[in-house]
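Spelled out, the chains give:
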Amino acid sequence: QVQLVESGGGLVQPGGSLRLSCAASGVAFSIYDMGWYRQAPGKERELVARITPGGRTNYADSVKGRFTISRDNNKNTVYLQMNSLKPEDTAVYYCNAHHTSWSGLEYDYWGQGTQVTVSS
């Protein structure tokens, strides 16, 4: 059974920092693309950052220079370090694991989400 469990969300003041973690189980973590998405009230879910098994990263323009995604394949965990947080970063943050097999089969899993609120 695949499980992605996020942690680290909470309430932080503008300009502050948070570090999200996502612990994966039941998957061959090292072969999966791992990503963080977010969904604010009334908005669609959007990509925040992704990291490939080899460590290549990409970020949404809105978080470049402020957020950093990383992974520890020994701990089956992906992280999102969020600095210089802004009120518009307020959202539920979701962890995603994605893999496309050589035969084209798609494997896609989601965590339950963790709330991040940026407010004074």
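Bear in mind that the values here come from a model prediction, so they are computed numbers and not experimental data.

**Here we look at the nonpolar core**
Then step 1. Ranked by size, the top nonpolar core spans 29 residues in total, and within it Met-34, Trp-36, Val-78, Leu-80, Met-82 and Tyr-93 carry the most contacts.
Then step 2. For this core, the secondary structure elements donating two or more residues are strand S3 (18-25), strand S4 (33-39), strand S5 (46-51), strand S7 (67-72), strand S8 (77-82), strand S9 (91-100) and strand S11 (114-118).
Then step 3. Not counting the four nearest positions on each side in its chain, Val-78 is found in contact with Leu-20, Ser-21, Cys-22, Phe-29, Met-34, Trp-36, Ile-51, Ile-69, Ser-70, Arg-71 and Cys-95.

**What about the environment of Gln-115?**
Then step 1. With respect to the helices and strands, Gln-115 occurs in strand S11.
Then step 2. Spatially, the C-alpha atom of Gln-115 lies 19 Å from that of Arg-50, the residues being 65 residues apart in sequence.
Then step 3. Aside from chain neighbours lying at most four places away, what touches Gln-115 is Gly-9, Gly-10, Thr-90, Ala-91 and Val-92.
Then step 4. Only 3.4 Å separates the side chain of Gln-115 from the backbone oxygen of Ala-91, close enough to count as a polar contact.
Then step 5. A distance of 3.3 Å separates polar atoms of two side chains, one belonging to Gln-115 and the other to Thr-117.

**Focus: the packing of aromatic side chains**
Then step 1. The final tally for this structure, using the stated rule, is two aromatic pairs.
Then step 2. Ring centres 6.2 Å apart and planes at 40° place the aromatic pair Tyr-32 and Tyr-109 in the tilted group. With Tyr-32 in the loop between S3 and S4 and Tyr-109 in strand S10 (residues 106-110), this pair connects stretches of sequence that are 77 residues apart.
Then step 3. Judged by relative accessible area, Tyr-109 falls into the partly exposed class, the value being 26%.
Then step 4. Ring plane angle 65° and centroid distance 5.0 Å describe the contact between Tyr-37 and Trp-110, whose orientation is recorded as edge-to-face. On the criterion of sequence distance, the pair formed by Tyr-37 in strand S4 and Trp-110 in strand S10 is long-range, its members being 73 residues apart.

Scoring rules and cut-offs
Throughout, a residue's number is its position along its own chain's written sequence, starting from 1. Per-residue local features are limited, in this predicted model, to residues with pLDDT of at least 70; the limit for side-chain atom pairs, both in listing and counting, is 80 or more; totals at the level of whole chains, interfaces and linings are taken over all residues. Computation of side-chain values covers all heavy atoms of the structure but excludes hydrogens and water. To form a nonpolar core, buried Ala, Val, Leu, Ile, Met, Phe, Trp, Tyr and Cys residues must be joined to one another through side-chain atoms within 4.5 Å. Relative accessibility decides the category of a residue: with a 1.4 Å probe and only protein chains considered, values under 20% of the type maximum give buried, values over 50% give exposed, and everything between is partly exposed. Helix and strand definitions here come from DSSP, where helices need a minimum of 4 consecutive H or I residues and strands a minimum of 2 consecutive E residues; each element is numbered from the N-terminal end. Whether two residues are in contact is decided by their heavy atoms: any pair within 4.5 Å suffices. Here a polar contact is taken to be a pair of N or O atoms separated by no more than 3.5 Å, where protein atoms must pair a possible hydrogen donor with a possible acceptor and residues adjacent in sequence count only if both atoms sit in side chains. Put simply, two rings from Phe, Tyr or Trp (the six-membered ring, in Trp's case) pair if the centres are within 6.5 Å, and we call them stacked under 30 degrees between planes, edge-to-face over 60, tilted for the rest.

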